[in-house]
Amino acid sequence: MKRFLSMLTAIVLAFSTLCGECVTAANTRTELQITAPAHLEYKNISEFPYLHGVWIAKDNSDRLGLVDPYGNVIYPFQYFYDKNIHHCFSENYDTNTITVTKGFKKGVIDTSGNVILPFEFDDIWNCSDSLFRTENNGKYGMYGIDGKMIFPCEYDSISKWGNTPVFKVQKNGKYGFADSKNNIILPLEYDEIESISTFDGPHMSLPITICRAKKNEKWGVVNTSGDIIVPFEYNWIDIFTTTLIKAKKDDNYGVFDIEGNTVASFEYDGLTMYTDTVFGAKQNGKWGIIDINGKIISPFEYDVVFNEIETPYETVIRCIKNGKMGFIDIDGNVIVPFEYDSLYNYTDTVFGAKKNDKYGIIDLKGNIIVPFEYEIMGDNSYSSDDNVLVPVMKNEKFGIVDTKGNTILPCEYDGFGLLLLEEENVIEVKKGTKSGLIDANGNIVLPFQFDDLYNFGGMSDKLLYAKKNGKYGLINADGGIVVPCEFDELKPFYTPLIHVTKGEKEGLFDENGNIIVPCEFDGIYGLSDTLFEANKNGKSGVIDANGNIVLPFEFDGLNAITDTLFTAIKNGKTGIIDPVGNIILPFEYDRISQSGNYLILRKNGKYGFAKFTEYADITIPAFDITINGGKIENTNAKYPCILYNNITYFPMTYSGARSLGLSSDWNTLSGLVIKKTGTEPSVCEFEQSPVSNSSGETATIATGKITVNGSSIDNSYEEYPLLLFRDVTYFPLTWRFAVEEFGWSYSFSTERGLEISCN
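If you're wondering where the values come from, they're calculated on a predicted model, not measured in any experiment.

Q: Please explain the overall build of the protein chain as it appears in this structure.
A: Per the secondary structure count, the protein chain includes 3 helices and 79 strands. Burial statistics for the protein chain: of 759 residues in total, 48% are counted as buried. Long-range pairs, those at least 24 residues apart, make up 38% of the contacts in the protein chain with a sequence separation of at least 6. Here the protein chain has roughly 34800 Å² of accessible surface; of this, 46% comes from carbon and sulfur atoms.

So, in structure tokens, the structure goes:
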């Protein structure tokens, strides 16, 4: 497999055919094989969680080594640590390598056992960007994934500086910068060097090449080229905007640009940023607004200024003056007078307000939308299209108003729950101790007869839990009873089923309230979307989604490996069966556990491996396929386009990769790596075979490490997984990959078939 992948890795582009006559059913099945000679010969086995197919094993002499599932020894058995099986080995998941302790020294190997770093270091850390930080005698160095030394072990500390080709190094307590050839860029004479991009926000992202540094108890600004931008004479320095830096000198604040030019002189007690050219400034204990040239836009008369409120029309600043809140615009004009105890957003232009201990709603100009007559007004509001529903309290009774000034519900209710079933805008309300439902217009959807109502969640956003007389059921948004309130417990199960408990017995309903499995089992657990383990009289069996018994109640336990393979326990021994009861592995094992596509078997104190492969039934598409204007000759193609799960898969050889502007590579460290190259796509030509492709073929579900444009792909969770067909890896073209990752366009019609353009 690896040899084929390294010679020829293919990407599969998947596209929904959108054509009924092209739809084909996709079937998967699973086969199991024992991977001799590794079968049942180890005293213990433990897998590295991030390294696919690599295990720590203990041999008969209690020595530890590294093996693969086929019995190949990756690293020889030579250790005798019993208490901690990971004591000698640790995985480096960023680089798919293994740090090994040999004697009292550490080195690094790859998953084929090749030595990357020799066994001569006191400690090794896997850093980002495929780098290793090494330690010897309390000093640190840096090595690359190719094993070449970048820095010798002579520094007090060393780290990569962000995404730049620069390293922050420390020696004799002083910091500086060095390049990847150990040339000093910034002298090692600074007490500290820190990123200046310390805050998040729309304006807060200075280049990582700009940083603040401390020298002789004063701060300045340097860049990664070693230039001093701001001299070392300030008490503190912070980011201000994408182009500006705020500094404190003595007790005053000022602003520099990233070239070190003074923008705002050091005469302010405080500064806050509104736009790249307008700042809030504090002087003599009061706040005002100035521009980038120091011009006063609004006088220094405010007690507090807050961050601006972005509206579709203008930038609005909330301020406090003489203990009262109001709004001013970016030009300093008062747009909402300073007469409110508090102001908070409902929308960009509508605000909740408190005045004289009463709450109301105003707009951006200070016009009253809802009068100030409520004792409580919720700041957790309920959206309804362009309107907002707001719970309010008056005379200790609750009601609802909206941000257009309408009374949705008068204040005559005793409480509110959450907004339930948001698409239907149904809200739980209480009258006395009973709950009911109202809609956004105040109409009663469900009378006040339940003890409690709350979202069902899980499989449906249109159903609600209902509690009545201590029992649970389900209702829908119209108040209709889906499951009667007669169960002790009720929860989402495998879609679209509902798990119910009555007394000590369990059963299943569908989302329409039909009884699928009556409450006659001691327990029901999911094995797949359509098969379930059921317990009865101390034994386990299998039932389907219609309640039919698939396997008799004769097992002590069941667990799903795949949709078509289960581990089963019988008479104290574990085996593997399929959904119709065929014995795949006999009931003779003490334990069987799963790790990816491998099973770890234990028998009589010995461990071994089994591997299962998932097969997918595929077909050859009959419609035309055109890539960048070139029609694919698919009938006799050696690596043809295929259909799986109603998706078109497109194979890519070297020519195919270039036609889509991609590259694909495989090695033991990185696995399969696919990325967009930026090269000009070309017309794709498929290699032809003298034999025509048959209408039905078989592929397998791909395993191993897969990376697409820098993102790791877990194939076991993909709706359209990568496939292997004719020893070539196929990759699905979903919207996520085709459009968001690769930027392609495509179309399908019955006349022209599938067309993909990567230009």
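This is not the end of the story, as more comes after the structure.
Q: Would you mind going over the pattern of salt bridges with me for this structure?
A: For side chains bearing opposite charge, pairing can occur when the charged atoms are close. This model, assessed by the stated rule, comprises 32 salt bridges. The partner of Asp62 in a salt bridge is Lys43, and the shortest N-O contact between them spans 2.8 Å. Of this pair, Asp62 sits in the loop between strand S4 (55–58) and strand S5 (64–67) while Lys43 sits in the loop between strand S2 (28–34) and strand S3 (44–47), and the two are 19 residues apart along the sequence. Using a relative accessible area of 26% as the deciding quantity, one classes Asp62 as partly exposed. Salt-bridge contacts for Lys355 lead to Glu339; the nearest nitrogen and oxygen are separated by 2.8 Å. Of this pair, Lys355 sits in strand S36 (residues 350–355) while Glu339 sits in strand S34 (residues 334–340), placing them 16 residues apart in sequence.

Q: Explain the pairing of strand S18 (residues 184–190) to me, please; I cannot follow it from the model alone.
A: One face of the sheet, then the other: side chains in a regular strand alternate in exactly this way. Bridge count for strand S17 (residues 174–179) against S18 is 3 bridges, and the pairing is antiparallel. What sits directly across from Phe177, in S18, is Leu186.

Q: Before we go on, may I ask you to explain the nonpolar core in this structure?
A: Generally speaking, a soluble globular protein has its nonpolar side chains buried in company with each other. By size, the foremost hydrophobic cluster in this structure holds 33 residues, and its most contacted members are Ile625, Ile627, Phe650, Leu660, Val708, Phe742 and Trp744. Secondary-structure elements contributing two or more residues to this core are strand S67 (625–627), strand S71 (662–667), strand S72 (671–676), strand S74 (706–708), helix H3 (735–741) and strand S79 (753–757). Other than its neighbours up to four places away in sequence, Phe742 contacts Leu662, Ile674, Lys676, Val708, Asn709, Phe731 and Phe737. Counting 15 residues, the second-largest nonpolar core is a separate cluster that includes Tyr644, Ile647, Tyr720 and Leu723.

Q: Got a minute to help me understand the packing of aromatic side chains in this structure?
A: What describes a pair of aromatic rings is the distance from one ring centre to the other and the angle between the planes of the rings. Under the definition given, this model contains 32 aromatic pairs. Centroid distance Trp55 to Phe609: 4.8 Å. Interplanar angle 65°. Geometry classified as edge-to-face. Of this pair, Trp55 sits in strand S4 while Phe609 is found in strand S66 (residues 606–619), placing the two residues 554 residues apart along the sequence. Accessibility expressed as a relative area gives 0% for Trp55, which makes it buried. Judged by relative accessible area, which is 0%, Phe609 ranks as buried. Here the aromatic rings of Phe493 and Phe532 are separated by 5.4 Å at their centres, their planes lie at 40°, and the arrangement is tilted. In this pair, Phe493 sits in the loop between strand S52 (489–492) and strand S53 (497–502) while Phe532 sits in strand S57 (residues 531–536), placing the two residues 39 residues apart along the sequence.

Q: How do you make sense of the pairing of strand S38 (residues 368–374) when you look at a structure like this?
A: Inspection of the sheet shows strand S37 (residues 358–363) paired to S38 by 3 bridges, in the antiparallel sense. Directly across from Ile361, in S38, lies its bridge partner Val370. Connecting S37 to the next strand, S38, in antiparallel fashion are 4 residues, including Gly366 with a positive phi near 90°.

Q: In this structure, what is going on with the sheet that holds strand S60 (residues 557–562)? I would like to understand it.
A: The pairing of strands in a sheet happens through backbone hydrogen bonds and is either parallel or antiparallel. In spatial order, the strands read S60-S61-S62-S63; together these 4 strands make up an open sheet with antiparallel pairing. Only two strands of the sheet have a single neighbouring strand rather than two, namely S60 and strand S63 (583–589). The average undirected angle you get between the axes of adjacent strands in this sheet is 20°. As defined by bridge partners, S60 adjoins strand S61 (residues 565–570) across 5 bridges and the pair is classed as antiparallel. Its bridge partner being in S61, Leu558 is matched across the sheet by Ala568.

Q: Could you clarify how one ought to interpret the side chain of Asp291 in this entry?
A: As for its placement among the helices and strands, Asp291 is situated in strand S29 (residues 286–291). One buried charged residue, Asp291, remains without a salt bridge, the closest side chain of opposite sign being Lys295 at 5.5 Å. A polar side-chain atom of Asp291 sits 2.9 Å from the main-chain amide nitrogen of Asn293. There is a polar contact of 2.8 Å between the side chain of Asp291 and the backbone nitrogen of Lys295. Residues in contact with Asp291, not counting those within four places in the same chain, are Thr277, Val278, Phe279 and Ile297.

Calculation criteria
- Throughout, residues of each chain are indexed from 1 in the direction in which the sequence is written.
- Since the coordinates come from a predicted model, pLDDT governs what is reported: local features require at least 70, and pairs of side-chain atoms require 80 or more to be given and counted, while whole-chain, interface and lining totals use all residues.
- Side-chain measures were taken over the full set of non-hydrogen atoms in the model, leaving aside hydrogen atoms and water.
- Labels follow the DSSP assignment, with helices taken as runs of H or I lasting at least four residues and strands as runs of E lasting at least two, numbered in each case from the N terminus.
- When accessible area is computed with a 1.4 Å probe and restricted to protein chains, residues below 20% of their type maximum are described as buried, those above 50% as exposed, and intermediate ones as partly exposed.
- By definition, residues are in contact when any of their heavy atoms lie within 4.5 Å.
- Exposure was quantified through the Shrake-Rupley algorithm and a 1.4 Å probe, taking into account, for residues, occlusion by the shown protein chains and nothing else.
- Salt bridges, as used here, are contacts in which a Lys or Arg side-chain nitrogen is within 4 Å of a carboxyl oxygen on Asp or Glu.
- Strands pair, by our definition, only if DSSP identifies at least two bridges between them.
- For our purposes a nonpolar core is just a set of buried Ala, Val, Leu, Ile, Met, Phe, Trp, Tyr and Cys residues, chained together by side-chain atoms within 4.5 Å.
- Note on aromatic contacts: the rings of Phe and Tyr and the six-membered ring of Trp form a pair at centre separations within 6.5 Å, being stacked when their planes are under 30 degrees apart, edge-to-face when over 60 apart, and tilted otherwise.
- Angular values range over 0 to 180 degrees, each being the angle between N-to-C directions of two axes fitted as lines to C-alpha atoms, with helices fitted over their stretch in contact.
- We score Asp and Glu as negative and Lys and Arg as positive, and we do not count His or the chain ends.
- Polar contacts, as used here, are pairs of N or O atoms within 3.5 Å; protein pairs need one atom able to donate a hydrogen and one able to accept it. Residues neighboring in sequence count only if both atoms are side-chain atoms.

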